[in-house]
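Per-entry structural report
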2 protein chains.
Amino acid sequence: MLIFIGTGIWDENDMSLRGIEAAKRADEVYVEFYTSRPATNVEKLSKLLGRKIKVLERADLEEKSIELVRRAKKLDVALLIPGDPMIATTHAAIRVQAKQHGVKTKIIHSSSIVSAVCGMTGLHNYRFGRSATISYPHTSYTSISKFPAETIKANQQINAHTLLFLDLHPKPMEISQAISILESLDENFLNLFAVGIARAGADNCITKCDRLDRLKDFDFGPPMHVLVVLAPKIHITEYEYLKEFTDAPKEIEDLVE
Amino acid sequence: MLIFIGTGIWDENDMSLRGIEAAKRADEVYVEFYTSRPATNVEKLSKLLGRKIKVLERADLEEKSIELVRRAKKLDVALLIPGDPMIATTHAAIRVQAKQHGVKTKIIHSSSIVSAVCGMTGLHNYRFGRSATISYPHTSYTSISKFPAETIKANQQINAHTLLFLDLHPKPMEISQAISILESLDENFLNLFAVGIARAGADNCITKCDRLDRLKDFDFGPPMHVLVVLAPKIHITEYEYLKEFTDAPKEIEDLVE
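Below or above, wherever it landed, is the structure these notes cover. Values in this document were obtained by computation on a predicted structure and should not be read as measured data. Counting restarts for each chain: residues are numbered from 1 in the order of the written sequence. Throughout, the order in which chains and ligands are written sets their labels, letters from A for the former and numbers from 1 for the latter. Per-residue local features are limited, in this predicted model, to residues with pLDDT of at least 70; the limit for side-chain atom pairs, both in listing and counting, is 80 or more; totals at the level of whole chains, interfaces and linings are taken over all residues. Hydrogens are left out, water is left out, and the side-chain values use all remaining heavy atoms of the structure.

Observations regarding the sheet that holds strand 8 (residues 193–198) of chain B
All names here are of chain B.
- The rule for pairing is simple: two strands pair if DSSP sees at least two bridges between them. Only runs of H or I of at least four residues qualify as helices and only runs of E of at least two qualify as strands under DSSP, and these elements are numbered from the N terminus. Read across the sheet, five strands follow the order 6-7-10-8-9 without closing on themselves; strand pairing throughout is mixed. Of all strands in the sheet, those with a lone pairing partner are strand 6 (132–134) and strand 9 (206–211), marking the two edges. Going from strand to strand, the sheet's axes swing by 25° on average, the running direction of each strand aside.
- Where strand 8 and strand 9 come together, six bridges link them in antiparallel fashion. Looking across to strand 9, one finds that Phe193 is bridged to Arg211. The angle between two axes is taken between their N-to-C directions and runs from 0 to 180 degrees, where each axis is a line fitted to C-alpha atoms and a helix contributes only its stretch in contact.

Set out below in structure tokens:
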């Protein structure tokens, strides 16, 4: 069996009892830090679980994933994944491959920025539209994906918030870089209000709401960072939460519908 | 301090180490089962944490929430919340009230259907649009909220999936009832494809993809249930996952873009 175990939003203490138990019982335990950069590492996870853990690289998850699937045909193999499994499509592809090879699978869920963003911003879960990832320009073409810009525009049309993940490779992108990329796609974006979030789930998590042109110069400290672009209109209770917990400027009162 | 602790998607074993530790250290521990119906109860949680836990009712979370806030001014008060805290706006309102009364707050995140839905369906996280709750008709007016119908239509316009939560009160709504309510708003909805999910996070979780008119007669077993209406077009990898893990009919191949 191949067991996908989420390790949660920040460090190894975000693992659930169910996840810890399953990892302890498995024949082999692997972990990957390719799809996210959590505040834990293989030593801390090994100590918590009391066993050896092997780190998988990108190739192990992609072109060589069949090796993992083959081992799971004979053994109970646990794959530790930062956040909640299956948010990255890489893991979904491995689960499909396993099923096609007759290997049983199981998912053990954990905390993720996808739901935690509501607690960090006070924005209502049901008011989030599609999300997107802001990627670094491809160096060979210096082209920038227009997908995040299109997603923001589509969500603005239906009065929805937009959660933007920032690229991790070659190194975790910061909010200021992400805003520069958005600006290069359409400088009108700078007038939108957004909430920047740094180190979601950590004790030193920072959430700051402001217009994008001002957030660009705000010091969020070290990664990981994500960005939420507000819908054109916000609910009064969203406004109150933003005011109390994200140091939002007075102007966002004008967005209240 | 007032500490909001998520107990996770299914039962007490979905609590994180961080959440358990914080609940054990708190001066008082409360739990509420008003905003969700998890597969745990106060006895199981008390046993896990080795301490007394008091159950809060709807009124304790709404008109009488100031009492909780006042206790948290002097003591460390932990409030256990099924799923991830702050998905229900009730909790967000208490956090704002606490801040306004000078009470420190903290959120400890846990697993939630909001992100777990991706693992259960294989649908890409970034392709979900706004979500909505299908409520029972108000008995005094026999009127039905049009909000879920409008949300589905808006998401269809931007080619996004729609996660629909089902009403919990007076008792958890089932998928067949939810589909009847959608049908009464617009019978064309019956032609849309969707995935029904029962008991998310449990070992006996069921996921079934089909057209809404056929899902209406499918036996999902006991609650809790949620429903995901598919976008008009799906990605090839979404199709493959749906085929392998949700017993999807051949026809959904036509949705692949």
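As for helix 6 (residues 113–121) of chain A
All names here are of chain A.
- Each residue gets one of three labels from its accessible area relative to the maximum for its type: buried under 20%, exposed over 50%, partly exposed in between, using a 1.4 Å probe on protein chains only. Burial of helix 6 is extensive: nine of the nine residues sit out of reach of the surface.
- Contacts described as polar in this section are N or O atom pairs within 3.5 Å, which, within protein, must combine one atom able to donate a hydrogen with one able to accept it, while residues neighboring in sequence count only if both atoms come from side chains. Capping the start of helix 6 is the job of one residue whose side-chain oxygen sits 3.0 Å from the backbone nitrogen of Val114: Ser112.
- Downstream of helix 6 by a residue or two, Gly122 has a phi angle that is positive, lying close to 80°.

A short note on unusual backbone geometry
- Residue Met224 of chain A is reached from Pro223 of chain A by a cis peptide bond, and omega for that bond is 0°.
- One non-glycine residue, Arg199 of chain B, lies in positive phi territory at about 55°.
- Assessed through its relative accessible area of 6%, Arg199 of chain B is described here as buried.
- Despite not being glycine, Asp247 of chain B shows a phi value in the positive range, around 50°.
- As for its placement among the helices and strands, Asp247 of chain B is situated in the segment after helix 10 (236–245).

Topic: the interface of chain A and chain B
- Contacts are assigned to residue pairs with any non-hydrogen atoms lying within 4.5 Å of each other. Listed as interface residues are 55 residues of chain A and, on the opposing side, 55 residues of chain B.
- Both sides together, the interface formed by chain A and chain B hides about 4,600 Å², and carbon and sulfur atoms give 58% of it.
- Throughout this description, the term salt bridge denotes a Lys or Arg side-chain nitrogen within 4 Å of a carboxyl oxygen of Asp or Glu. Inspection of the chain A/chain B interface yields eight salt bridges.
- There are 34 residue pairs in polar contact (both at pLDDT 80 or more) connecting chain A and chain B.
- Listed by contribution, the elements that provide at least two residues to the side of chain A that touches chain B are helix 1 (17–25), helix 5 (89–100), strand 5 (105–108), helix 6, helix 7 (147–157) and helix 10 (236–245) of chain A.
- When its residues are assigned to classes, the side of chain A that touches chain B shows 25 nonpolar, 17 polar and 13 charged. Accessible-area loss on putting two parts together, using a 1.4 Å probe and summing over both, is the definition of buried area adopted here. Under the scheme applied, nonpolar residues are Ala, Val, Leu, Ile, Met, Phe, Trp, Tyr, Cys and Pro; charged residues are Asp, Glu, Lys and Arg; polar residues are all the others, including Gly.

Comments concerning the pattern of salt bridges
- On inspection of all chains with the given rule, the structure shows 34 salt bridges over all chains.
- Where Glu238 of chain A meets Arg127 of chain A, a salt bridge forms, and the shortest distance between an N and an O atom there is 2.6 Å. With a gap of 111 residues between them, Glu238 of chain A in helix 10 and Arg127 of chain A in the loop between helix 6 and strand 6 (132–134) connect regions that are remote in the sequence.
- Look at Glu238 of chain A and you get buried, because its relative accessible area is 0%.
- With a shortest N-O distance of 2.7 Å, Glu253 of chain B and Lys250 of chain B are connected by a salt bridge.
- Judged by relative accessible area, which is 37%, Glu253 of chain B ranks as partly exposed.
- Residue class for Lys250 of chain B comes out exposed when judged on its relative accessible area of 63%.

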